[in-house]
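Next come the chains, spelled out residue by residue.
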Amino acid sequence: MEAKRTREEMLERLLKSYESYFDVERYEEGEKDGMPLAAHCRFYVHSAKYVLIKKAQLWAADCNEYVYVFSVPELTEEIFARCRDYAYEEGMKLVDPKPDHMYSYITAVFLCDTCTPEAKKALRKCRIYKSFHFSLYGWMDFHTALLVHDENQFCTNRSGKGNAKLMKSILNS
């Protein structure tokens, strides 16, 4: 049977997978602004379609994702709520709704040794969505993901299901 990874190993593996596409900012102390923030990752992509010359632009779309990675020994409902609110507030400062903005995802990833059932339930039920100017200026969706070291499991909220494949690969390889 394969030995379980430590939280630090899971963090390194997660950030290594993000570094290919994201700008990753690590916090060595594991604390930023009184939060157990281990890293912040940013992803920006701009797509456009034009005819013959760039001035004849048909459409453009900006897509962004802001990932906040929190590392705690035990995730409780109170810690989850504080970290969720922090990620939402900081992420919304980075969202720039404008005509070419399509979407922004704010993702809170939690790495922990243990997790209380209340925190896991709150994480799964977390649903934050915001449209800008009736979605003409895009939308924001909040994703959550949890990696529990001792139980060797992960879970996400409904919006974060896209992260499940990445989380599974981190735990299983």
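Residues numbered from 1 in each chain as written. Predicted model: local features only at pLDDT ≥ 70, side-chain atom pairs only at ≥ 80, totals over all residues. Heavy atoms only, no water.

K.L.:
What exactly am I supposed to notice about the overall build of the chain here?
P.N.:
The helix and strand inventory of the chain stands at 4 helices and 7 strands. A globule of 173 residues ought to have a C-alpha radius of gyration of about 16 Å, and the chain, at 17 Å, matches this closely. When its C-alpha atoms are laid out on the principal axes, the chain stretches across 60 × 30 × 30 Å. By residue count, 43% of the 173 residues in the chain fall in the buried class. Nonlocal contacts in the chain, meaning residues at least 24 apart in sequence, comprise 64% of its contacts between residues at least 6 apart. Looking at the chain as shown, the accessible area adds up to about 9,800 Å², and 51% of this sits on carbon and sulfur atoms. (Helix = DSSP H or I, 4+ residues; strand = E, 2+ residues; numbered from the N terminus. Rg over C-alpha atoms; globule rule 2.2 N^0.38 Å. Buried < 20%, exposed > 50% of the residue type's maximum accessible area, 1.4 Å probe, protein only. Contact = heavy atoms within 4.5 Å. Areas by Shrake-Rupley, 256 points an atom, 1.4 Å probe, with all protein chains shown as cover.)

K.L.:
Explanation requested: the packing of aromatic side chains in the structure shown.
P.N.:
Where two aromatic rings form a pair, the distance of their centres and the angle of their planes describe that pair. One pass over the structure, following the stated rule, counts 9 aromatic pairs. A ring pair is formed by Phe-70 and Tyr-86, whose centres lie 6.5 Å apart and whose planes are at 80°; its orientation type is edge-to-face. With Phe-70 in strand S3 (residues 57–75) and Tyr-86 in helix H2 (residues 77–94), this residue pair connects regions lying 16 residues apart in the sequence. Each member of the pair, Phe-70 as well as Tyr-86, carries the same accessibility label: buried. (Phe/Tyr/Trp six-rings, centres within 6.5 Å; stacked < 30°, edge-to-face > 60°.)

K.L.:
What is the right way to look at helix H1 (residues 7–18) in this model?
P.N.:
Every α-helix winds through 3.6 residues per turn, so residues three or four apart in the chain are directed the same way. Between its first and last C-alpha atoms H1 spans 16 Å; for 12 residues at 1.5 Å apiece the expected length is 16 Å, and the two agree. Those residues of H1 not exposed but buried are Arg-7, Met-10, Leu-11, Leu-14, Leu-15 and Tyr-18. Take H1 and look down its axis: the buried residues cluster within an arc of 125°, on one side only. Opposite the buried face of H1, by more than 90 degrees, sit the exposed residues Glu-8 and Lys-16. (Expected span 1.5 Å × (residues − 1). Arc of directions from axis to C-beta.)

These values are about where atoms sit, not about what they do.
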